[in-house]
Every structure is written in C-alpha cells, then in structure tokens.
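What follows is each chain in one-letter form.
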There are 2 protein chains.
Amino acid sequence: MSISEASIGASPLGRGPTIRDVAALSGVAASTVSRALTQPHRVNQATRERIEAAARELGYAPSTYPRSTGPGRSGAVAVLVPDITNPYFFDFIRSTQHQLKTAGYTQLLVDTEEDVELEATYLEEFRGSAVGFILPATRLSDEQLISAAAKSPLVTINRSTPGVPSVIIDTPSGVQQAMEHLFSLGHRDIAYLAGPPNSWSDGRRWDALQERAELLGIIIRRLGPYHPSTRSGAAAADTLLNSGATACIAFNDLVAIGVLVRLRERGIDVPNEMSVVGCDDIFGADFCQPPLTTLTAPIEQAGRVATDMLVSRLRPGRSQMRMKAELPTHLTIRASTGPPLRPAR
Amino acid sequence: MSISEASIGASPLGRGPTIRDVAALSGVAASTVSRALTQPHRVNQATRERIEAAARELGYAPSTYPRSTGPGRSGAVAVLVPDITNPYFFDFIRSTQHQLKTAGYTQLLVDTEEDVELEATYLEEFRGSAVGFILPATRLSDEQLISAAAKSPLVTINRSTPGVPSVIIDTPSGVQQAMEHLFSLGHRDIAYLAGPPNSWSDGRRWDALQERAELLGIIIRRLGPYHPSTRSGAAAADTLLNSGATACIAFNDLVAIGVLVRLRERGIDVPNEMSVVGCDDIFGADFCQPPLTTLTAPIEQAGRVATDMLVSRLRPGRSQMRMKAELPTHLTIRASTGPPLRPAR
DNA sequence: ATGAAAGCGCTAACAT
DNA sequence: ATGTTAGCGCTTTCAT
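Fair warning: this is a prediction, and the values are worked out from it, not measured in the lab.

Looking at the protein's contact with DNA strand C
At step 1: Not every one of the 27 residues close to DNA strand C is listed here, only the nearest: Thr32(A), Asn44(A), Thr47(A), Ile19(B) and Ser34(B).
At step 2: Atoms of DNA strand C within 4 Å of the protein belong to the sugar or the phosphate in 68% of instances, the rest to bases.
At step 3: A distance of 2.7 Å separates a phosphate oxygen of DNA strand C from a polar side-chain atom of Ser34(B).
At step 4: At the level of secondary structure, the elements contributing two or more residues to the surface near DNA strand C comprise helix H3 (30-38) of chain A together with helix H2 (19-26), helix H3 (30-38) and helix H5 (65-69) of chain B.
At step 5: When residues of the surface near DNA strand C are assigned to their parent elements, the largest contribution, four residues, is made by H3(B).
At step 6: Within the surface near DNA strand C, the residues separate by chemical class into eight nonpolar, 13 polar and six charged.

What follows is the structure, encoded as structure tokens:
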C-alpha cells in the first residue's frame, strides 16, 4: 500500500468489521456481541467489557440495515419536501428530524423540486425502504395519494384527502383576516397571486378569499398561476399593476418578496401605491423592503404533530390514531400594507 | 376490521409483500423474481410479464436494505450540514442529491445544528449505515476529522486537513478583494465580524484580511465571535458602531443581514455611515435593505465536485482520486457598500 | 450467562 | 432460462 493511499484512510468500499470480527477477537459468539451492545445488562460485566474493548479496537460500527429487515424492524421515515430551498420548510425539517430521532427513526429527507413525477418516483422508490412517509405540501392527485396511503403509512401536511391522515394549517381563515385588514384600510379591489395549480392549499385559499370578498362586496381577482419562487415575482408584479387592484395577497412569501423587489425596481411605492401580503412568514419576510405583512404559520408545530401521528401508526401497540389536526395561523402586520392612495370608488 | 381502519390504508407496520410472495404468486423461484426485476433481459419474456403482473397485483416494493448488506452493496451517503436553515446550503444540497442519485446512492441529509457533539454523534451513528460522508463546513477538530476519515470515506468542503479529501472555496481571496474595494472607497478602518471559533473558514478569512490590511496600511479589527445567524446581528452591529470602524466584513450573509436590520433600527444609514459586506451571497442578500454586497460562492459546483470525489473513492475501479479542488468566488457589489462619511484621518 | 441456529429480504454463484 | 443454495450483518428464540 502506497503512502498516499494510507493517508486517505478508510479502505475504498471496505466493509468495516462485522459483529463476527468482534466476536472472534473477544472469544465469544456473535449473538453475545449483539446482546452486549444492545442490552448491556443481559450480559456478564467482564464479558461485556471485553467485547466493548474489542469493538473499540476494531473500530466496529453496527450497520443499521439488517435491523430493518429482521424482526422488530425500525427504519427510516422519508420526508418529501417539494422545495428544499423554500425557507418555509426550515423549521419543519428540523422539527421532524428531532421527533423522528427521538422515536428511534431516521429521517430521509428528499427534495422533489416541485415535480409531481419526481415525487411519485421517490414515493415508489422508497416504499420498500422507508417505514413511512411525511408529505408536506404534496402535489399528488387524490387518486395517487390514496393509492400511496394504501401501501405505506403516511401523513400529509396541508392536504386533506379522505382516509389520509393529515395536519392542516388553517391559512384560509388567515387570508380572510388579511383581506379584512386590507378592507379596513380602504382597499376594494384585491388580487390573489395564485400558486401551483395542483396545490391543495392554493385552492382552499382562493375559495376562502372569494367567499369573503363576496361578503364584503369587493373585487377579488385571481392572477397566475405562478411558480412559488421569488423568480415569479416580476411577472406577477407586472400583471398586478395592470390589473387595477390596489392590494394583493400572494400564495406564499417567496412570490410576495419577488413582487416587492420588482415593484421597487419599477419605482412603485409599497404600501402607498400597492399593498402586499404574503403567506407563511418565512426567513426573509422580516428583513425584505418593506418588511412583509404575512400569515405566520406554526410550521414547527406542524412537523411535530405530523411525526407523532405517523409514529403512533407505526407502533402496533397504540390504540387508534388521530386522523386530522388543524393548526391556526395569525396575521403578522408589517410595513408592506397600508392605505391605498385613495379608497376605491 | 372497522371501516375507519380500512380507510387508513396500509396495515400498521405491516411488512409489505416480499419477493417470495411474488414468487409464489407467479409460480417461480425467488431468485427469478429478483432477476426479472433487476435484469429483465436475463429472463423469459412470458415469465417476466407474469412476474411483473404478480408484483403489481401484490403492490410489491423492493426493500433496498438487503442490497446494502449483500454483495455489490450500494447504499446511502450521509451529508452533514451544520445548519439546514442556512440558505447557503440550498444549492449544495440539491446538487449533492442530484449527483448522488445519478451515481446510484441515496442522500441521507442530516442537520447537525452547529453542534460539534451532535455532528460527532451522527458521524458515529451513520458510520455503519452510510457508505460515505460529505461534510460541508464541519466543526470537527483535525484529530476528530482524521480519525473519522480513517474509518469512512469522506469529503469535506471548506476545510483542509492533511490526508482528508476536500473542496475549498476560495473566500480568502474574496475577502481581500472586498477589502480593497472598501479601501478604494476611502475606508481605512475595517471590522471583521467573526464566525464560530472552530470554523476553519473563519480563521482563513481573518488571516487573509490581516495580511492585506498590513499591505494597505489600514486597520482591521476582529469583532466577535458571533453565532452565524441573523440573531447575532444586533450584538454585532452595536459593537461595530462603538469600534470606530467605518465598514465591516461579516463571516457570512446571515450575520451581515442581521447587522443591516439592526443598523436600520438604530437609524444608521448604510452605506453612508457604515458599509457592510457579507460572504456567500445567499437567498435574501439581494432583497434585503439595502441589497448586500457579498462574495458569491459557487456552492452548487462545490456539491457536484465533492460528490464526484467521494463517488470515485467508492468505486473500486477508479484509479486514483483527486484529493483537493479549489473553487474561486467573486465579489458581487450591491448597495450596502459606498463611501464613508469622510475618509479616515 | 452464553452459544447454536434460524431467519429477515435480497442477490449471486452454481447447478440444472 | 430457471431453480437451488449460500450468504450479507444482525437479532432473536431456544437450548445449554
């Protein structure tokens, strides 16, 4: 072996020492090693220490895979996020990672890049490997979702489908609140900057807005759909300016921030010439210019609840699981909303 | 079984159908099923179709774990990021996910939350399960790192340790550029807002700044260390204002953005009263107020290169691997830098 | 307290 | 082209 190779360290693809190597070195049976490592009290003090020493010496690291096939299998839970670059999922991811770890599972985090097909592919690909799925903001159709739920334990976030456990964040009430806030400021013509067509949340928000607009007797316009990213902001802002609306509510903060940037470029004053409201209160919503009025979502809690729901399904002991949890949002008012130049007619 | 249970779908913890179930249903041996599914051409057309039908009918999904233990093992590559909520890693994560997937590996993404101990724990925990590691911005000591590299194939990013393969993003040259930019604007007293003490990048940047400051005959002050998040911004900004410096270069954009926010709160005009430069050009650097001058890092490329390096180590066929790659950064000038009130003395 | 043996789901030699 | 067998690393009865 050359020096350079030695310096590299681990042998390429060299399977590390196995439980049998440790057994041989400590002069016991493999099963004893297994016990010593997983149920230390079930083995003699002296033996255990000998085994531990041998394991240390060999640099033994147990592979978790076999546990996933044998009896008492644990395993991985796959979390499929549509866009890992969307700050919305930050706290969610952290939250699920914590909860899963605590419950003895490994988080398998996958970015589906807003692509339904990719999402379906991963769902299928990991079906055999993961013991369950968490699907925040899935883009799957009801049929796909139901079929997937029939095959693997799974929990969705912000997506209600019959028979599929879900955690719902109540943004519809939130956007209604936002609308009323705008109404109270004098706005009478409001635009909704729509998100992905296959987003369930999008549909619900739009419905809620229409309903409330009718009640208030004001105009609500649906613009878009837009890809939920800051890049869509320019297009959305331009359309918005030509629409006649004096305020807008965006599908999410990314779009809203993109709109703010574009409006500034075009010299439009926010909120005096245009009020902007986002959804989610993501990283950046507080330091963009002007700071964004938005709906703060309890996303970290959503992650916790979703994980608990899934885990309770995974443990056969538990009696019965909650099929649905609903979490409230609240409106965080910042400088991006204010009076329109003049109350509409 | 109650209706509600039925509607839930998958049986709780029900191990799905196995390859043997499919074999039984299609009247062939298990090995034939395996072949039919992995090397379709090696099996009779008719048989294959029968097997595929049976698999479909049972909803069979292969478990990937056994492949990880048996011969020709593939497996997971663990990517340990210090802070998944830091937008810096966005494109990196995407990039590694793509590359790994292409190469036939699964990305195991783990958030170590800026915690050395947690990082070490995960490194140990996944040592047996993952075939290799990618460590962007590890906080480990040289000893820990070398020891880890001796046990598992691993590639670091932004961390050079003898014998450990690494991808280095050349921010030192970048911060020197930034300093010269500030110098040309008339700044003669510049502060460096330091990052985590155990960050290798931090040390390198500081060294580069000191060296260049001496050359230019100007003052450079080290303030901090600060936790690399926007939350540290307030403390950093306050110290900064009392330091006498007319400009600052921050460890990363999160700190820089936090500083911008705080300065605005305190009514300090950026860049007229204080110039601010960040590092990394993360999401948010372009839409904060004022937009942040920063060093744009080719992080997506870094992910690609790092993955390639690791994968080439994993495949025994490859002759020899690159031990080091260096990637350049460039200074992106935005509105957060400008002339100081008056050139220092 | 420990060992022997069987088995998890899958793949790959080796036979047929 | 297909079946048989052995084996991956680990856990778990069941003996001893």
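Moving on from the model shown.
Focus: unusual backbone geometry
All names here are of chain B.
At step 1: Residue Pro 225 follows Gly 224 across a cis peptide bond; omega there is 5°.
At step 2: Within the secondary structure layout, Pro 225 lies in the loop between strand E7 (219-223) and helix H11 (233-243).
At step 3: A cis geometry characterises the amide bond from Gln 289 onward to Pro 290, with omega recorded as -10°.
At step 4: Among the structural elements, Pro 290 can be located in the loop between strand E9 (275-280) and strand E10 (293-296).
At step 5: Backbone geometry places Glu 113, a non-glycine residue, at a positive phi of 55°.

Regarding the nonpolar core
At step 1: Counting residues in hydrophobic clusters, the biggest one holds 117 residues, and the most contacted among them are Val167(A), Val276(A), Val167(B) and Val276(B).
At step 2: Those residues in contact with Val167(A), other than ones at most four positions away along the chain, are Val155(A), Thr156(A), Ile157(A), Asn158(A), Ala302(A), Val305(A), Ala306(A), Met309(A), Ala325(A) and Leu327(A).
At step 3: Core analysis: the second largest hydrophobic core is formed by 38 residues, Ala78(A), Leu80(A), Ala130(B) and Ala149(B) among them.

Quick look at the pattern of salt bridges
At step 1: Within the structure shown, the criterion is met by 28 salt bridges over all chains.
At step 2: Salt-bridge contacts for Arg94(B) lead to Asp83(A); the nearest nitrogen and oxygen are separated by 2.8 Å. Linking Arg94(B) in helix H6 (residues 90-102) with Asp83(A) in the loop between strand E1 (75-81) and helix H6 (90-102), this pair reaches from one chain into another.
At step 3: Classification of Asp83(A) by relative accessible area gives buried; the value is 6%.
At step 4: Look at the salt bridges and you will find they share partners, linking Asp238(A), Arg262(A), Glu265(A) and Arg266(A) into a network.

Looking at the relation of the copies chain B and chain A
At step 1: Mapping chain B onto chain A is achieved by rotating through 180° and translating by 0.1 Å along the same axis, at an RMSD of 0.1 Å. Both copies of the chain, as the preceding transformation shows, are related through a two-fold rotation axis. Closest approach to the rotation axis among the C-alpha atoms of chain B is made by Cys288(B), whose C-alpha sits 2.3 Å away.
At step 2: When the interface residues of chain B are mapped onto chain A, 98% of them are again interface residues, pointing to one common binding face.

Comments concerning the sheet that holds strand E11 (residues 324-328) of chain A
Residues and elements named next belong to chain A.
At step 1: The parallel open sheet is built from six strands, whose spatial order is E2-E1-E3-E4-E5-E11. The open sheet has two free edges, formed respectively by strand E2 (105-111) and E11, since each of these has just one partner strand. Neighbour to neighbour, the strand axes of the sheet diverge by 20° on average, direction disregarded.
At step 2: This element, helix H13 (residues 299-314), spans E1, E2, strand E3 (130-136), strand E4 (154-157), strand E5 (166-170) and E11 of the sheet and lies at about 165° to E5.

Quick look at the confidence of the model for chain A
At step 1: The share of residues in chain A with pLDDT of 70 or more is 91%, and the mean pLDDT across the chain is 90.
At step 2: Scored below 50 in pLDDT, residues 1-13 of chain A shows 18 contacts in the model against residues more than four places distant or in partner chains.

A closer look at the pairing of E3(A)
Residue and element names in this part refer to chain A.
At step 1: Within E3, seven of the seven residues are buried, which leaves it mostly tucked inside the rest of the structure.
At step 2: Here E1 pairs with E3 via four bridges, running parallel. Note on E3: the bridge partner recorded for Ala 76 is Ala 130.
At step 3: Handedness of the β-α-β unit built from E3, helix H8 (residues 142-151) and E4 comes out right-handed.

Regarding the domain arrangement of chain A
Many structure descriptions define interface size as the accessible area lost when the parts assemble.
Residues and elements named next belong to chain A.
At step 1: Parsing chain A into structural domains produces domain 1 (1-62), domain 2 (76-169 + 300-327) and domain 3 (171-297).
At step 2: Placing the centre of domain 2 and that of domain 3 at their C-alpha centroids yields a distance of 28 Å.
At step 3: Counting residues at the interface gives 14 residues for domain 2 and 16 residues for domain 3.
At step 4: Here domain 2 meets domain 3 over a buried area of about 1300 Å², counting both sides, of which 56% is carbon and sulfur.
At step 5: Together, Tyr 88, Arg 139 and Ile 169 form the three largest contributors to the area buried by domain 2 at its contact with domain 3, with a combined 38%.
At step 6: With its nearest N and O atoms 3.9 Å apart, the salt bridge here joins Glu 326 to Arg 204.
At step 7: Counting every contact that joins domain 2 to domain 3 gives one residue pair in polar contact (both at pLDDT 80 or more).
At step 8: Its residues placed into classes, the side of domain 2 that touches domain 3 shows six nonpolar, four polar and four charged.

Definitions and limits used
Residues numbered from 1 in each chain as written. Chains lettered and ligands numbered in written order. Predicted model: local features only at pLDDT ≥ 70, side-chain atom pairs only at ≥ 80, totals over all residues. Heavy atoms only, no water. Near = heavy atom within 4 Å. Polar contact = N/O pair within 3.5 Å; in protein donor to acceptor, adjacent residues only side chain to side chain. Helix = DSSP H or I, 4+ residues; strand = E, 2+ residues; numbered from the N terminus. Nonpolar A, V, L, I, M, F, W, Y, C, P; charged D, E, K, R; others polar. Core = buried A, V, L, I, M, F, W, Y, C linked by side-chain atoms within 4.5 Å. Buried < 20%, exposed > 50% of the residue type's maximum accessible area, 1.4 Å probe, protein only. Contact = heavy atoms within 4.5 Å. Salt bridge = Lys/Arg side-chain N within 4 Å of Asp/Glu carboxyl O. Least-squares fit on C-alpha atoms with pLDDT ≥ 70 in both. Pairing = 2+ DSSP bridges. Axes fitted to C-alpha atoms, helices over the stretch in contact; angles between N-to-C directions. pLDDT = per-residue confidence, 0-100. Right-handed = clockwise from strand over helix to strand, strands pointing away. Domains from an automatic or database assignment. Buried area = accessible area lost by both parts, 1.4 Å probe.

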